[in-house]
Amino acid sequence: MATIEEEIQSAKFRNVHHKAALNILLTANWIQYHNMNVFKKYEITGQQYNALRILRGRHPEPCTILMIKERMLDKVSDVSRIVERLRQAGYVERVLCETDRRAVDVKISKKGLDLLKKMEKEEESMDGVMKNLSIAEAKQLNQLLDKLRD
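Residues numbered from 1 in each chain as written. Predicted model: local features only at pLDDT ≥ 70, side-chain atom pairs only at ≥ 80, totals over all residues. Heavy atoms only, no water.

(A) Layout of the overall build of the protein chain. Each helix and strand in the protein chain was counted, giving 8 helices and 2 strands. Helices (α) and strands (β) of the protein chain occur, in sequence order from the N terminus, as α-α-α-α-α-β-β-α-α-α. Taken over C-alpha atoms, the radius of gyration comes to 19 Å for the protein chain, far larger than the 15 Å a tight globule of 150 residues would show. Over its C-alpha atoms, taken along the principal directions, the protein chain stretches across nearly 60 × 30 × 30 Å. The proportion of buried residues among the 150 residues of the protein chain is 26%. (Helix = DSSP H or I, 4+ residues; strand = E, 2+ residues; numbered from the N terminus. Rg over C-alpha atoms; globule rule 2.2 N^0.38 Å. Buried < 20%, exposed > 50% of the residue type's maximum accessible area, 1.4 Å probe, protein only.)

This is the structure in structure tokens:
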């Protein structure tokens, strides 16, 4: 198990909080890289996967672009562009908003649902990045990360 000092080849941090922040960023990038390899197999991005999961969670109801953006893990994502790429691939469909005829909502298509179903076999691999933590440690980590963002 490599320490952050070994990973970035430095032992100089301003303080323990600085070290913790860098450790979180390093670990997030490591997890993202691992997951990216899974997404590549299905020719989608992590943001597209996130949007599809949000839409599946609302299925069969449609979502607005704003609703998807609010629920995305990456808050700076260009959700309109992400949804358009998913639409071009046939994973989502545009539907007219019942309350505002000028607005367009989005819902996951059967093809999108099928893709997520196929990807379920990869969930164990994606969760595997956390295998070195016990259940109690994972719960504690979740509590600490929630506290950090509070």
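(B) Focus on the packing of helix α3 (residues 46–58) against helix α5 (residues 79–88). Interhelical geometry of α3 versus α5 gives an angle of 80° and a closest axis separation of 10 Å. When the interaxial angle is binned, α3 and α5 end up roughly perpendicular. Counting all contacts with α3, which are made through Q47, Q48, A51 and L52, the residues of α5 involved are I82, R85 and L86. When its residues are assigned to classes, the contact of α3 with α5 shows 4 nonpolar, 2 polar and 1 charged. (Axes fitted to C-alpha atoms, helices over the stretch in contact; angles between N-to-C directions. Parallel < 35°, antiparallel > 145°, perpendicular 65-115°, else oblique. Contact = heavy atoms within 4.5 Å. Nonpolar A, V, L, I, M, F, W, Y, C, P; charged D, E, K, R; others polar.)

(C) Spatial organisation of the environment of A103. Looking at the element boundaries, A103 is found in the loop between β1 (92–96) and β2 (104–108). Spatially, the C-alpha atoms of A103 and T64 are 8.5 Å apart, while their sequence positions differ by 39 residues. In contact with A103, other than residues within four places in its own chain, are L96 and C97.

(D) Looking closely at the pattern of salt bridges. All chains considered together, the criterion is met by 10 salt bridges. Salt-bridge contacts for E84 lead to R87; the nearest nitrogen and oxygen are separated by 2.7 Å. Of this pair, E84 and R87 both sit in helix α5, separated by 3 residues, roughly a single helical turn. A salt bridge links K110 to D114, with the nearest nitrogen and oxygen atoms 3.1 Å apart. Of this pair, K110 and D114 both sit in helix α6 (residues 110–119), 4 residues apart, roughly one helical turn. K110 gets classed as exposed once you look at its relative accessible area, which sits at 59%. Among the charged side chains, a salt-bridge network with shared partners connects R56, K117 and E120. (Salt bridge = Lys/Arg side-chain N within 4 Å of Asp/Glu carboxyl O.)

(E) Examining the confidence of the model for the protein chain more closely. The share of residues in the protein chain with pLDDT of 70 or more is 99%, and the mean pLDDT across the chain is 89. Mean pLDDT across the secondary structure elements of the protein chain bottoms out at helix α1 (residues 4–8), with 79, and peaks at α6, with 96. (pLDDT = per-residue confidence, 0-100.)

(F) Representation of the environment of T27 in the model. Along the chain, T27 falls in helix α2 (residues 16–41). Its relative accessible area of 34% is what places T27 among the partly exposed residues. Separated by 23 residues in sequence, T27 and I4 have C-alpha atoms that sit 9.2 Å apart.

(G) Structural view of the side chain of N50. The topology assignment puts N50 in helix α3. If near-sequence neighbours (up to four positions away) are discounted, N50 is found in contact with R71, M72, L73 and D74.

(H) View of a nonpolar patch on the surface. The grouping of M130, L133 and L141 at the surface amounts to a nonpolar patch, some 210 Å² of accessible area in total. Here L141 shows up in helix α8 (residues 135–149). Its relative accessible area of 31% is what places L141 among the partly exposed residues. (Patch = residues over 30% accessible without salt bridge, like charges linked within 9 Å, V, L, I, M, F, W, Y side chains within 5 Å. Areas by Shrake-Rupley, 256 points an atom, 1.4 Å probe, with all protein chains shown as cover.)

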